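Observations on the three-dimensional arrangement
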Amino acid sequence: MDKNTTRYSVQLYIYDLSRGMARSLSPIMLGKQLDGIWHTAIVAYGDEFFFGGEGISSCSPGGTMLGPPDTVVELGETEVSEEIFMDYLSSLGESTYRGDRYRLFEHNCNTFTNEVAQFLTGRTIPSYITDLPSEVLSTPFGQILRPILDSIHIAPPGGNVINGGRNI
C-alpha cells in the first residue's frame, strides 16, 4: 500500500427523530420497546450527507434543523477521493436515490447511509437502525399505521440538495 495515500475519516451521525418519545410510547403503542426513530447521515470530507424526500442532500455536520446528532459512530477511514465520492453520489441521485424514490419503510435515509458506508469503508451501519422498519411493521399497530406512514417523506431542512431527481 502506498504510504502517501490520503485517508478520510467516515462517521455515521444518528438522530432520534422522536426526541426520546419512542422509548416511552412504543411499549404502549406497539407492544415492544423501541429506543428511537432513527435518521442517519454520513459525515465525510467535512460535510454531512443524507437522503430524504428531496433526494440526496448535504450540509455542514450537524447543520440541519435536527442540530447535533444524538450519537456519532466512527465507521473508519476511506481512500476514496472526494471527487470520486461526489461522482458516486451524483450517480445515485440520478437513479436509486432520487427524491421520488424515497419510501419511509423500504428506501430511506438509513438505506442510503448503509449503502454509502459500505462503498466508503466496507462496513454496514448498526442493525438496530436498519431493522427498525420491520420491527414496527411486525406489530398490529404498525400495520394499521403503514398507509399513513408510507405517505411521509422526511427531508430535514438545512441541507443543499445534491441531486433530487426533481430538478435534473
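Residues numbered from 1 in each chain as written. Predicted model: local features only at pLDDT ≥ 70, side-chain atom pairs only at ≥ 80, totals over all residues. Heavy atoms only, no water.

What follows deals with the packing of aromatic side chains. Within the structure shown, the criterion is met by 11 aromatic pairs. Ring pairs connect the aromatic residues Tyr8, Tyr45, Phe49, Phe85, Tyr88 and Phe119, which therefore count as one cluster. (Phe/Tyr/Trp six-rings, centres within 6.5 Å; stacked < 30°, edge-to-face > 60°.)

Glancing now at the pattern of salt bridges. Using the criterion set out here, one finds four salt bridges in the structure. Put simply, Arg7 and Glu79 hold a salt bridge, and the shortest N to O gap is 2.5 Å. Here Glu79 lies in the loop between strand E5 (71-78) and helix H2 (82-94) and Arg7 lies in the segment before strand E1 (8-16), a separation of 72 residues in the sequence. The class of Arg7 is partly exposed, set by a relative accessible area of 40%. Notably, a salt bridge pairs Asp100 with Arg98, separated by 2.8 Å at the nearest N-O pair. Counted as one network, the salt bridges with shared partners bring together Arg7, Glu77 and Glu79. (Salt bridge = Lys/Arg side-chain N within 4 Å of Asp/Glu carboxyl O. Helix = DSSP H or I, 4+ residues; strand = E, 2+ residues; numbered from the N terminus. Buried < 20%, exposed > 50% of the residue type's maximum accessible area, 1.4 Å probe, protein only.)

This part covers a nonpolar patch on the surface. A cluster of nonpolar side chains, Met21, Leu25, Ile28 and Met29, forms an exposed patch at the surface whose accessible area comes to about 410 Å². By secondary structure assignment, the location of Ile28 is in helix H1 (residues 21-30). (Patch = residues over 30% accessible without salt bridge, like charges linked within 9 Å, V, L, I, M, F, W, Y side chains within 5 Å. Areas by Shrake-Rupley, 256 points an atom, 1.4 Å probe, with all protein chains shown as cover.)

Looking at the protein chain as a whole, the pLDDT averages 87, with 87% of positions reaching at least 70. Note that pLDDT drops below 50 for residues 164-168; the model gives that stretch 13 contacts with residues more than four away or on any other chain. (pLDDT = per-residue confidence, 0-100. Contact = heavy atoms within 4.5 Å.)

Next up on the list: unusual backbone geometry. Residues other than glycine seldom take positive phi values, yet Arg19 does so here, at roughly 55°. Mapping Arg19 onto the fold places it in the loop between E1 and H1. Its relative accessible area of 56% is what places Arg19 among the exposed residues. Of note, Tyr45 is a non-glycine position whose phi angle comes to about 55°, a positive value. Take Tyr45: it is sitting in the loop between strand E2 (38-44) and strand E3 (47-52).

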